[in-house]
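Residues per chain, in single letters:
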Protein chains: 2
Amino acid sequence: MSVSLSCHRCETRYDDDTRVRCDCGEPLWIDAETTSFAWDDCGNRSGMWRYEAALPIDRPDGVARAAGGTPLVRSPGLDDVAGGRVFIKDEGENPTGSYKDRGSAVAVPRTIAAGDDVVGTVSYGNMAISTAAHATSLDRECIVFVPEDISPVRLELIAQYEPTVVRVGGEYGALYEDALELSDRLPITALVSDDPARISGYKTALFEICESFAPETPDVIALPASSGGFASGVWLGIRELERAGLIDEPPRLCLVQTAASDPITRAFEDGSTDPTPMSSDETGETIARSIGNPDPPSGARALSAVRDTDGAVVSVTDDEIRAAQRRFAVEGGFCVEPASATTLAGVSRLADRGEISAAESIVLVPTGTGFKELGTGETDVATETVHRTDLADRLESLLPPRGE
Amino acid sequence: MSVSLSCHRCETRYDDDTRVRCDCGEPLWIDAETTSFAWDDCGNRSGMWRYEAALPIDRPDGVARAAGGTPLVRSPGLDDVAGGRVFIKDEGENPTGSYKDRGSAVAVPRTIAAGDDVVGTVSYGNMAISTAAHATSLDRECIVFVPEDISPVRLELIAQYEPTVVRVGGEYGALYEDALELSDRLPITALVSDDPARISGYKTALFEICESFAPETPDVIALPASSGGFASGVWLGIRELERAGLIDEPPRLCLVQTAASDPITRAFEDGSTDPTPMSSDETGETIARSIGNPDPPSGARALSAVRDTDGAVVSVTDDEIRAAQRRFAVEGGFCVEPASATTLAGVSRLADRGEISAAESIVLVPTGTGFKELGTGETDVATETVHRTDLADRLESLLPPRGE
């Protein structure tokens, strides 16, 4: 399938479908082949392949078929802290536990179709796990470039799919550009965070949200922001649905960053169109590991998405993230990773500033399951021990009288 | 909603919907209100609530709405080891990462509707995690009875939802009966593994599988077996679809146990109708922790399910489980827990015995995600370290020439 790509900023169009960046420096995305698109035409395929007509590849085999189709659940227990009517779009319910599967489901088969035998990726988190799973399920080799000092836990999660793991010495952050350059020169495509085909896959999350609300549109969608890739995909989806006449007023995109590394927030507050990369002196440690990106390659596009939809970018602290993660579990029943918990903490800040009203619908998008990060045994939960034979007596004192 | 319950063995019917066991000793299940049921009538609700008309409660709020609706994926890379055409029904893509959510989604709201303020459960694995999540999302207290020596990792997974955790001294296996007795006497309902409402929820996994294949029916469905509860639910679903005329010949139910504790396999091989409980001298350690049940309360019903569908029960060793878990990841792209990997190892044994033929469709049901059990950092993966500036040279030697 031949596709064209275009630049969100200068609107230059390219017919070379191996390009990933515009001459102006901005990342490209893939143009939709059609602007005629109706919910009723989507058929009954499961998951994200319901929107196959709007995607740049035909439905592939393998684990890609299990991507998307995640639930959207009203979660009133979070309304008070969020300041509106909360819905949770649980992207943790993807085959490798994160929204990255939507991107890998499109990008990995597209790379293979383009003739490269080897798929690469620059990640030591959810993107590495997802890319390795999708490549191996299509019987292709995958090379994952990780930092030299990757933790054994992260390594174990990636290694289960048996990619070639290369620890890279030197400045890991510079690998994004290296990967693009190597992909041009060598028979490997390194699927970086804002690879155009990935972005196409991400738009299906927005399609699912909007179809669930149709003919209404949610007022606010809150996403964690790191590279800006997911926000770009959601914005691409909004633009396509607007052109198709399926939404009138777009949802306001609210991006949330960790205060430990928040170049997009800073640019938003400064009124800049481009985030300024943060140096290692300016960034700090955070429990929201998946989103601590000091130099987001799709940062400018993410800022445009926010301004185009009248949204906002906010940063939250680790304490706020911990509190929000607890609320997701205890009020919502959802186990989300810290990076995902930022969404609740972020809208809470916006509500405090009067930017969300109680009647508004807010879709929080936890992008990854928390189950990958639990299991360290680090918990200080209070428990008591009761012998089996004393259990009835102890329970009687714990429980309210029946019927009261 | 008033419901009747009946016994699979003696067919006695009860109108007391708080009963869980028949006078004959067997567990009860909830009778379907109607035998008229057609796929086209199911509407467009998401997840398991598509089959609300066949369930004993109305769709509840909370995390229950996210249960079910898991993907079914053709996975040809596993055909050679399974001996047939493999499909994976990935139950790990439930909100708490296992099929238990289907049961909790029905049983927890039903308990609350019956007037008990407190929900209990006897588990330190997936059922505890799921029950605690569903209870808290409906703002109800949950008490989880765990063994005195529960591992910190398991405790952490359960504790995130903030139930009351009671460590029970004495013989943990005897708690199943204790829990039923306490539920009768005290204002708590302890949702054991074969609670009738849980079984109703489990049948939706079978409905989803059969609807995906309709108008065909899969030849084989392979499940891990522990208490026999999931097998009972799947069998209940088969019976209801047969009565509704939606399937002609039922799929053959194949249950797989860990060789370390396999009373159902032994009874199947002996021709017994009831499994004989295994003593602690007879059972061993296994990596398939979730299914090492020496005294399965729904064991007799699971055996009837197998015989009624012309299926089989087999046991597999930890070495076979490890090999199968690796195949799920490396060929399928799915991260499954060891208990779930038994399904592939089990059908492989059946194929070796000539009980599966190459043209047959085999649905493997990994019941829980492997992500909860990874993250220990125990991996012996081989990696190499390359400095960023040497990466291009090293890659050239790793990669095949472009275009060959």
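My aim in this report is to walk through the structure given alongside it, one point at a time. (Residues numbered from 1 in each chain as written. Chains lettered and ligands numbered in written order. Predicted model: local features only at pLDDT ≥ 70, side-chain atom pairs only at ≥ 80, totals over all residues. Heavy atoms only, no water.)

The subject of this paragraph is the sheet that holds strand β1 (residues 5–7) of chain A. Residue and element names in this part refer to chain A. Pairing in this open sheet of 3 strands is antiparallel, and the strands run β2-β1-β3 from one edge to the other. Each edge of the open sheet carries a strand with a single partner, namely β2 (13–14) and β3 (28–30). Where β1 lies against β2, 2 bridges are found, and the strand directions are antiparallel. Within β2, the position partnered with Leu-5 by the bridge is Tyr-14. Contacting β1 and β3, helix α6 (residues 196–213) crosses the sheet at an angle of about 55° to β3. (Pairing = 2+ DSSP bridges. Helix = DSSP H or I, 4+ residues; strand = E, 2+ residues; numbered from the N terminus. Contact = heavy atoms within 4.5 Å. Axes fitted to C-alpha atoms, helices over the stretch in contact; angles between N-to-C directions.)

Quick look at the interface of chain B and chain A now. Contact residues are listed per partner, giving 82 residues for chain B and 82 residues for chain A. The junction of chain B with chain A conceals about 7,300 Å² of combined surface from both sides, 61% of it contributed by carbon and sulfur atoms. A salt bridge links Arg326(B) to Glu162(A); its shortest N-O distance comes to 2.5 Å. Inspection of the region where chain B meets chain A yields 16 residue pairs in polar contact (both at pLDDT 80 or more). Bridging between strand β8 (residues 164–169) of chain A and strand β14 (residues 384–387) of chain B involves 4 bridges; their strand directions are parallel. If you follow Val166(A) over to β14(B), its bridge partner there is Glu384(B). (Buried area = accessible area lost by both parts, 1.4 Å probe. Salt bridge = Lys/Arg side-chain N within 4 Å of Asp/Glu carboxyl O. Polar contact = N/O pair within 3.5 Å; in protein donor to acceptor, adjacent residues only side chain to side chain.)

Below, the discussion takes up the relation of the copies chain B and chain A. The operation relating the two chain copies consists of a rotation about an axis and a shift along that axis. Overlaying chain B on chain A yields an RMSD of 0.0 Å, the required transformation being a rotation through 180° with an accompanying axial translation of 0.0 Å. Taken together, the rotation angle and the small translation identify this as a two-fold axis. If distances are taken from each C-alpha of chain B to the rotation axis, the shortest is found for Glu93(B), at 2.3 Å. (Least-squares fit on C-alpha atoms with pLDDT ≥ 70 in both.)

Quick look at the packing of aromatic side chains now. Tallied over the entire structure, the rule returns 19 aromatic pairs over all chains. Note on Phe87(A) and Phe213(A): the rings are 4.9 Å apart at their centroids and 65° apart in plane angle, and the pair reads as edge-to-face. One end of the pair, Phe87(A), is in strand β5 (residues 85–89); the other, Phe213(A), is in helix α6, and 126 residues separate them in sequence. Classification of Phe213(A) as buried rests on a relative accessible area of 12%. Between the aromatic rings of Tyr51(B) and Phe207(B), the centroid separation amounts to 5.3 Å while the plane-to-plane angle is 75°, which identifies the pairing as edge-to-face. With Tyr51(B) in the loop between β3 (28–30) and β4 (72–74) and Phe207(B) in helix α6 (residues 196–213), this residue pair connects regions lying 156 residues apart in the sequence. When sorted by exposure, Tyr51(B) lands in the same class as Phe207(B), which is buried. Members of the aromatic cluster, connected to one another through ring pairs, are Phe37(A), Trp39(A), Tyr51(A) and Phe207(A). Directly above the aromatic system of Trp235(A) lies the positively charged group of Arg239(A), at a separation of 4.8 Å from the ring centroid. (Phe/Tyr/Trp six-rings, centres within 6.5 Å; stacked < 30°, edge-to-face > 60°. Buried < 20%, exposed > 50% of the residue type's maximum accessible area, 1.4 Å probe, protein only. Lys NZ or Arg CZ within 6 Å of the ring centre and 35° of its normal.)

Put simply, Ala214(A) and Pro215(A) share a cis peptide bond, and its omega is 5°. Within the secondary structure, Pro215(A) is located in the loop between α6 and β10 (220–224). One non-glycine residue with positive phi stands out, namely Asp139(A), at about 65°. Among the structural elements, Asp139(A) can be located in the loop between α3 (126–137) and β7 (141–147). Phi at Glu11(B) takes a positive value of approximately 65°, unusual for a residue other than glycine. Secondary-structure assignment places Glu11(B) in the loop between β1 (5–7) and β2 (13–14).

Residues and elements named next belong to chain B. One pass over the structure, following the stated rule, counts 52 salt bridges over all chains. Among the ionic pairs, Arg-185 bridges to Glu-181, the shortest N-O distance being 2.9 Å. Here the residue Arg-185 and the residue Glu-181 both occupy positions in helix α5 (residues 175–185), the gap between them amounting to 4 residues, near one helical turn.

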